[in-house]
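What the coordinates show
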Amino acid sequence: MTKLIEMKAIKKSFNIGKENELEILRGIDLYVNEGEFISIVGQSGSGKSTLMNILGLLDRQTSGEYILNGVNIKTLKDKDLSSYRSKKIGFVFQNFNLIPRSNAQKNVELPMLYAKVSAKERKERAVELLKSVDVGDRLNHNPSELSGGQKQRVAIARAMANDPDIILADEPTGALDSETGRQVMDLFHRLNRDEKRTIIIITHNMDLAEEADRMYNMKDGRLKEA
Ligand SMILES: Nc1ncnc2c1ncn2[C@@H]1O[C@H](COP(=O)(O)OP(=O)(O)OP(=O)(O)O)[C@@H](O)[C@H]1O
Ligand SMILES: [Mg+2]
């Protein structure tokens, strides 16, 4: 099996050198094979989102090695890190993070606009993606005109816009009722199974976490396979 992600002894501190310095990640070892569905659980404040930000190249570790798709991310400059991120990784968040004054279609087009995809292709792909997550009849709706489940579907379509290898989802069902959360989870399973996306999901819901191929538990800044 090909390792898509490998982390060794990852540490992350905030406010380094100041009196309020905090070590949040205290030596994380993690691997994710291509095509795996991984869940991460752990108490509030244990460092899950901090780890997700590093996994998603939104932040850098303080020390340790992070190899993504064979590339040690230490060797990437910041601008290479962001272009690598926009090509490889799609994000889904608890509170959707959609642009409020843009409709569903424009929200999905945005990552493609940054990736310099032509207007015609952006539109076609956005419509196709929104149809595939069952919100094809809400293309012109702004986020405030969508239900929570619909908003999260739009966010998942947006995460897929640039055809990422990996989808990182931080509490994607946290703001949804259990039935809507179930449907969103089924969508992740479908993307994993049918579209071979590698998925890493953070959740407080043990039942959902146990559906993953493997589960990690974050405790006091350390990660254990559960
Ligand atoms: N930029 C930052 N500067 C200083 N401290 C931070 C920063 N980001 C996070 N922290 C601290 O790191 C700790 C872990 O935060 P993190 O958001 O990773 O937790 P979490 O496991 O995702 O929690 P939750 O389940 O509530 O989302 C917290 O104590 C938080 O205050
Ligand atoms: Mg968090």
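Since the model is a prediction, treat every value here as computed from it, not as a measurement.

**Some thoughts on the nonpolar core**
With 35 residues, the main nonpolar core has Val108, Leu130, Val154 and Phe188 as its most contacted residues. Among the secondary structure elements, those contributing two or more residues to this core are helix H3 (104–114), helix H4 (119–132), helix H5 (148–159), strand E7 (166–170), helix H6 (178–195) and strand E8 (198–202). Residues contacting Val108, with those up to four places away along its chain left out, are Ala126, Leu129, Leu130, Val154, Ala157, Arg158 and Ala161. Core analysis: the second largest hydrophobic core is formed by 31 residues, Leu68, Ile200, Met218 and Leu223 among them.

**Examining the pattern of salt bridges**
The tally for this structure, following the rule as stated, stands at 15 salt bridges. Across the pair Glu124 and Lys120 runs a salt bridge, and its minimum N-O distance is 3.1 Å. Of the two residues, Glu124 and Lys120 both sit in helix H4, four residues apart, roughly one turn of that helix. Residue Lys120 is classed as exposed on the basis of its relative accessible area, which comes to 61%. Overlapping salt bridges bring together Glu36, Arg214 and Glu225 as one network.

**Notes on unusual backbone geometry**
With phi around 65°, Asp134 is a residue other than glycine that occupies positive phi space. Given a relative accessible area of 58%, Asp134 falls into the exposed group. In this structure, Asp163 is a non-glycine residue whose phi angle is positive, near 55°. Assignment of secondary structure puts Asp163 in the loop between H5 and E7.

**A look at a positive patch on the surface**
Together, Lys11, Arg26, Lys219, Arg222 and Lys224 give the surface a local cluster of positive charge. Locating Lys224 in the fold gives a position in strand E10 (residues 222–225).

**A few points about the packing of H5 against H6**
The N-to-C vectors of H5 and H6 enclose an angle of 20°; their axes lie 10 Å apart at closest approach. The angle between the axes of H5 and H6 places the two elements in the roughly parallel class. In the packing of H5 onto H6, the handedness of the crossing is right-handed. Where H5 abuts H6, its residues Gly149, Gln152, Arg153 and Ile156 lie against Thr180, Gln183, Val184, Leu187, Phe188 and Leu191.

**A few points about the environment of Ala155**
Checked against the element boundaries, Ala155 lands in helix H5. By relative accessible area, Ala155 is classed as buried at 0%. In this structure the C-alpha to C-alpha distance between Ala155 and Leu110, which are 45 residues apart in sequence, comes to 11 Å. Ignoring anything within four residues of it in the chain, the contact list for Ala155 reads Phe91, Val92, Phe96 and Leu98.

**Brief notes about the packing of aromatic side chains**
Taken as a whole, this structure holds one aromatic pair when the rule is applied. Each ring, one from Phe91 and one from Phe93, has its centre 6.0 Å from the other, and the planes form 5°; the classification is stacked. In this structure, Lys3 packs its charged tip against the face of Tyr31, placed 5.4 Å from the ring centre.

**Side note on the sheet that holds E8**
Here six strands make up an open sheet; going across it, the order is E6-E7-E8-E3-E9-E10 and the pairing mixed. Since the sheet does not close on itself, it has two edges, and those belong to strand E6 (89–93) and E10, each with one partner. Neighbouring strand axes in the sheet, compared pairwise and without regard to direction, differ in orientation by 20° on average.

**Looking at the pairing of E7**
Regular strands show a simple pattern: their side chains alternate between the two faces of the sheet. The buried fraction of E7 is high, at five of five residues. Burial along E7 is two-sided: the face carrying Ile166, Leu168 and Asp170 and the face carrying Ile167 and Ala169 are both buried. As paired strands, E6 and E7 are joined by five bridges and run parallel to one another. Looking at E7, one finds that Val92 is bridged to Ala169. With five bridges connecting them, E7 and E8 associate as parallel partners. In the sheet register, Ile166 faces E8, and the bridge partner there is Thr198.

So, how was this worked out
- Residues numbered from 1 in each chain as written.
- Chains lettered and ligands numbered in written order.
- Predicted model: local features only at pLDDT ≥ 70, side-chain atom pairs only at ≥ 80, totals over all residues.
- Heavy atoms only, no water.
- Core = buried A, V, L, I, M, F, W, Y, C linked by side-chain atoms within 4.5 Å.
- Buried < 20%, exposed > 50% of the residue type's maximum accessible area, 1.4 Å probe, protein only.
- Helix = DSSP H or I, 4+ residues; strand = E, 2+ residues; numbered from the N terminus.
- Contact = heavy atoms within 4.5 Å.
- Salt bridge = Lys/Arg side-chain N within 4 Å of Asp/Glu carboxyl O.
- Patch = residues over 30% accessible without salt bridge, like charges linked within 9 Å, V, L, I, M, F, W, Y side chains within 5 Å.
- Areas by Shrake-Rupley, 256 points an atom, 1.4 Å probe, with all protein chains shown as cover.
- Lys, Arg positive; Asp, Glu negative; His and termini not counted.
- Charge placed at Lys NZ, Arg CZ, Asp CG, Glu CD.
- Axes fitted to C-alpha atoms, helices over the stretch in contact; angles between N-to-C directions.
- Parallel < 35°, antiparallel > 145°, perpendicular 65-115°, else oblique.
- Left-handed = near helix turned anticlockwise from the far one by under 90°.
- Phe/Tyr/Trp six-rings, centres within 6.5 Å; stacked < 30°, edge-to-face > 60°.
- Lys NZ or Arg CZ within 6 Å of the ring centre and 35° of its normal.
- Pairing = 2+ DSSP bridges.

Purely spatial values, then, with no claim about function.
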